[in-house]
Amino acid sequence: QAGSRETTKRTPWLWRQTTCTMATFKVPYVPTNTSSWGPPAPSEAQSPDAPASRFDNLPYAPFGRSDRIGRCADFTTQSFARTGDATAGYFRNTRQQQRNEANKNLQFQYKVDAEEAKEFQLVDSSKDAHQGGHKRFVPPARRRANAARLRQLNARRNDANVTGVGRYSQPQRTRWSGRGGRGGRGGRGGRGGRGGWRDRIDRQASVSVRPDWVRVEDIDLGKLSKGTSPLSGLVDNSPPKAVEDLLWAGFLDQYNDQYDKVSTRAAAPLKRVEDREFYPVTTTDDPVIERLAIEGKGTVFATDAILAHLMTCPRSVYPWDIVVQKLPTGALFFDKRDAGQFDYLTVHETSNTPPAPSRDGSTSEADAINTPERLSLEATMINQNFTQQILRSSKYRQKFDYPNPFYDEDDSEGMQPASVAYRYRKFDLGDGVQLVARTELHGLCKDTKKVDKSRIATSVSANRKKKKGQVVNPLEVPDGDQYMTCYALNEYDPSYADKSNAGRPGAVNWRDKIDNQAGAVLASELKNNSFKLAKWTAQSILAGASQMKIGFVSRKSPKNAYEHVVLATKTYRPMDFSAQITLNQGYMWGIMRLFIKLLEDQPEGKFVIMRDPNKAVVRLFSVPPETFEDSDDEDDSDEEDEEEGDDDGEE
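All values derive from a computational prediction rather than experimental measurement. The residue numbering used here restarts from 1 in each chain and proceeds along that chain's sequence as written. Totals for whole chains, interfaces and linings use every residue, but because this is a predicted model, local features are given only for residues with pLDDT of at least 70 and side-chain atom pairs only at 80 or more, for both listing and counting. Water and hydrogen atoms play no part in the side-chain values, which are based on all heavy atoms of the structure.

### Here's the deal with the overall build of the protein chain
Part 1 of the argument: Working definition: helices are DSSP H or I runs of at least four residues, strands are E runs of at least two. Numbering for both runs from the N terminus. Regarding its fold elements, the protein chain presents 14 helices and 19 strands.
Part 2 of the argument: To measure how exposed things are, a 1.4 Å probe is used in the Shrake-Rupley method; for residues, cover is taken only from the protein chains shown. About 40000 Å² of surface is accessible on the protein chain, with carbon and sulfur atoms providing 49% of the total.

### A few points about the pairing of strand 17 (residues 560-572)
Part 1 of the argument: Of the strand pairs in this sheet, strand 5 (residues 268-269) and strand 17 are connected by two bridges, and their pairing is antiparallel. Each bridged residue has a counterpart across the sheet, and for proline 269 the counterpart in strand 17 is valine 565.
Part 2 of the argument: Here the rule is simple: two strands pair whenever DSSP picks up at least two bridges between them. Here strand 16 (residues 547-557) pairs with strand 17 via nine bridges, running antiparallel. For serine 557, the partnering residue across the bridge sits in strand 17 and is asparagine 560.

### Comments concerning a negative patch on the surface
Part 1 of the argument: For patch detection, residues must exceed 30% relative accessible area and be free of salt bridges, and they are connected within 9 Å for like charges or within 5 Å for nonpolar side chains (Val, Leu, Ile, Met, Phe, Trp, Tyr). In the sections that follow, a salt bridge refers to a side-chain nitrogen of Lys or Arg positioned within 4 Å of a carboxyl oxygen of Asp or Glu. Counted as positive: Lys and Arg. Counted as negative: Asp and Glu, with His and the chain ends omitted from the count. To locate a charge, take atom NZ for lysine, CZ for arginine, CG for aspartate or CD for glutamate. A contiguous patch of negative charge, built from Asp408, Glu409, Asp410 and Asp411, is present on the exposed surface.
Part 2 of the argument: Relative to the helices and strands, aspartate 411 resides in the loop between strand 10 (398-399) and strand 11 (416-417).
Part 3 of the argument: Per-residue accessibility, obtained with a 1.4 Å probe over protein chains only, is compared with the maximum for each type, and a residue is labelled buried under 20%, exposed over 50%, and partly exposed between these values. Its relative accessible area of 64% is what places aspartate 411 among the exposed residues.

### Section: the packing of helix 7 (residues 304-311) against helix 11 (residues 530-543)
Part 1 of the argument: Under this scheme, a helix contributes an axis fitted over its contacting stretch, all axes are lines through C-alpha atoms, and angles between N-to-C directions fall in the 0 to 180 degree range. Running from amino to carboxyl end, helix 7 crosses helix 11 at an angle of 130 degrees, the nearest separation of the two axes being 8 Å. Judged by the inter-axis angle, helix 7 sits oblique to helix 11. At the point where helix 7 passes helix 11, the crossing takes the right-handed sense. Here Asp304, Ala305, Leu307, Ala308, His309 and Met311 of helix 7 come into contact with helix 11, specifically with Phe531, Lys535, Ala538, Gln539 and Leu542.
Part 2 of the argument: The residue classification treats Ala, Val, Leu, Ile, Met, Phe, Trp, Tyr, Cys and Pro as nonpolar and Asp, Glu, Lys and Arg as charged. All others, Gly included, are polar. Partitioned by chemical class, the residues of the contact of helix 7 with helix 11 number seven nonpolar, two polar and two charged. Roughly parallel means an angle under 35 degrees; roughly antiparallel, over 145; roughly perpendicular, 65 to 115; everything else is oblique. In this scheme, a crossing is called left-handed if the near helix is turned counterclockwise away from the far one by less than a right angle; it is called right-handed if the turn is clockwise. Two residues qualify as a contact provided that any one of their heavy atoms is within 4.5 Å of a heavy atom in the partner residue.

### A closer look at the pattern of salt bridges
Part 1 of the argument: For the structure shown, the criterion picks out 14 salt bridges.
Part 2 of the argument: In this structure, glutamate 244 and lysine 426 form a salt bridge, with 3.7 Å as the shortest nitrogen-oxygen distance. A residue pair is termed long-range when its members are at least 10 positions apart, and glutamate 244 in strand 4 (residues 242-252) and lysine 426 in strand 12 (residues 421-430) qualify at 182 residues.
Part 3 of the argument: For lysine 426, a relative accessible area of 18% gives the class buried.

### Thoughts on the environment of lysine 559
Part 1 of the argument: Note that lysine 559 resides in the loop between strand 16 and strand 17.
Part 2 of the argument: In the structure, lysine 559 is positioned 191 residues away from alanine 368 in sequence and 9.9 Å away in space, judged by C-alpha atoms.

### Things to note about the nonpolar core
Part 1 of the argument: If you look at the biggest cluster of nonpolar residues, it comprises 67 residues, and the most contacted ones within it are Ile219, Leu310, Phe334, Phe427, Ile550, Phe552 and Ile609.
Part 2 of the argument: Here this core takes 10 residues from helix 13 (residues 585-600), the largest share from any one element.
Part 3 of the argument: In contact with isoleucine 219, other than residues within four places in its own chain, are Leu224, Leu231, Leu594, Phe595, Leu598, Ala616, Val617 and Val618.
Part 4 of the argument: Formed by 16 residues, the second largest nonpolar core is a distinct cluster that contains Tyr279, Ile289, Leu292 and Ala418. Throughout this description, the term nonpolar core refers to a set of buried Ala, Val, Leu, Ile, Met, Phe, Trp, Tyr and Cys residues connected via side-chain atoms within 4.5 Å.

### Here we look at the sheet that holds strand 10
Part 1 of the argument: As summarised here, the arrangement of the 10 strands in space is 3-19-18-8-9-7-13-12-4-10, forming an open sheet in which the pairing is mixed. Two strands bound the open sheet, and with one partner strand each, they are strand 3 (214-220) and strand 10.
Part 2 of the argument: Two strands pair when backbone bridges link them, and strand 12 and strand 13 (residues 433-441) are joined in this way by nine bridges, in the antiparallel orientation. Bridge pairing in strand 13 places tyrosine 422 opposite glutamate 440.
Part 3 of the argument: On top of the sheet, helix 6 (residues 287-294) reaches strand 4, strand 7 (300-303), strand 9 (332-335), strand 12 and strand 13; it is set at about 170 degrees to strand 7, its chief contact.

Here you go:
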């Protein structure tokens with residue numbers, strides 16, 4: 001009964017019929033995008049039932065299906081995975097960034113306000129490595145260098161904000177590995193290598209190319225030296241068949257042997273020679289060459305400086321130009337421009353870190369003396385003073401057949417010509433080419449060793465007679481004296497060789513090495529001034545000098561460009577020195593023959609040989625006959641006006 005009663009009570013709940021009302025749910029409109037991921041563009045056709053979306057104007061960053069999303073939001077521009085293998089993570093992220101280069105979304109990038117950026121200046125926020133109570137000592141030169149660097153960065157930043165082109169307005173820079181060249185820390189450069197960023201200087205041409213100039217030939221110096229140039233077949237590396245002395249002019253003084261004993265402990269002050277005149281006269285202004293050309297002594301005329309410049313031009317870096325005039329008779333005259341910088345010596349032209357040119361607002365007054373222009377003027381002054389200071393008085397002077405052809409006593413009151421002998425020589429290059437050159441010698445020196453026999457076949461001068469069975473060298477002078485040339489190298493800033501002061505790799509401080517390790521100093525100069533030393537050697541060989549004196553002159557103070565001291569004087573034989581600096585004499589004559597052959601095939605007129613300012617390419621242009629003559633006409637008119645004014649004053 002109990003069980004039946006309980007069943008009776010539960011039965012109504014089982015039989016009761018109930019009605020359940022379901023909650024209403026309306027499916028939202030979902031647009032279909034068949035072209036890419038994400039919602040379609042607003043311009044695409046949509047259903048009229050689609051409600052207005054609040055995401056219509058919201059920018060969307062697309063992505064690829066193969067992308068590995070590691071962060072839900074990343075606003076940095078350089079997120080390199082440095083966990084595990086840092087190098088592999090860097091290259092993996094770099095490749096991924098290159099694959100997604102086309103999917104960049106510029107709307108999410110942060111934009112800097114140019115007006116707001118002007119209010120900020122870069123400061124040195126680097127922390128001191130020593131966290132102790134005392135401050136680390138920083139040399140004054142290092143502090144000045146850091147201050148100058150910050151000023152340059154601030155100036156570049158301001159320029160970038162004004163122009164709006166950012167870093168693309170700055171000079172192009174070349175990046176080198178900071179830890180030893182290509183091999184990293186253990187690479188070829190060792191620890192430090194060439195180091196960091198350095199500016200690439202885009203130089204300007206020495207003379208602007210005008211629209212009426214016609215390009216005749218381009219000579220790639222790199223291919224020419226390797227023999228792969230189309231013009232290599234015109235290069236004849238054989239030496240001249242004969243050399244003849246045509247005329248001697250000027251005088252020479254005796255060399256003072258005391259300068260061979262100069263050292264850093266007993267340095268000799270460099271004196272300024274103010275009563276001597278130097279005459280860097282070009283070819284067509286030389287009266288002796290004009291007379292020799294009229295007499296038909298040669299077919300090509302030039303000076304030793306121009307010849308040496310062309311012979312060693314593959315080593316040049318700075319732009320230059322030489323003017324060539326071809327007469328109706330076929331004679332060639334190689335000249336230099338009066339307004340050019342041909343006669344000024346360069347400083348560290350072939351160095352890996354040449355002197356930086358001055359920039360407006362970024363060069364301090366103290367660093368302005370180390371610009372290429374100021375250093376060139378300083379080196380030229382040092383060279384002229386050194387060549388006259390190392391000679392004895394006029395008591396030991398030897399005069400030649402003709403006086404100095406450029407000295408005029410009336411126009412040079414209180415002045416006298418420098419000790420220079422002009423040796424006019426004729427070189428027989430074969431194929432009917434007779435090269436007449438004016439060479440220079442600077443002094444006489446005694447040599448107890450055997451006289452250097454030149455490889456070039458020479459003939460005896462007309463005023464000397466050859467004894468029977470005796471070989472006479474035209475370089476010899478009576479009493480065992482010999483001809484010499486002398487030049488001066490200059491050191492402008494010894495601090496660049498201080499490695500503790502972030503100096504330049506491979507630099508040598510002369511005062512530390514010149515006495516005991518002169519070879520290291522010379523090797524450093526061969527690297528920094530390769531073209532200048534090769535040019536001096538070529539001039540000495542052309543002049544027939546048996547010795548070449550090179551003086552090492554340094555500033556008395558790095559910040560004083562007007563006081564110098566002579567630290568040492570070294571003697572070299574030009575023939576041996578050319579082999580030491582790997583100057584191929586046959587290649588020198590081959591380059592000169594190449595220029596002569598290219599000009600022989602051209603009609604009469606005026607030509608310009610100029611080096612490209614940023615490439616190792618020499619170009620030959622045909623120019624109108626009146627080119628470069630405007631300045632000469634203006635000078636002549638000014639002189640005529642002055643003479644007329646003087647005549648009016650006398651009346």
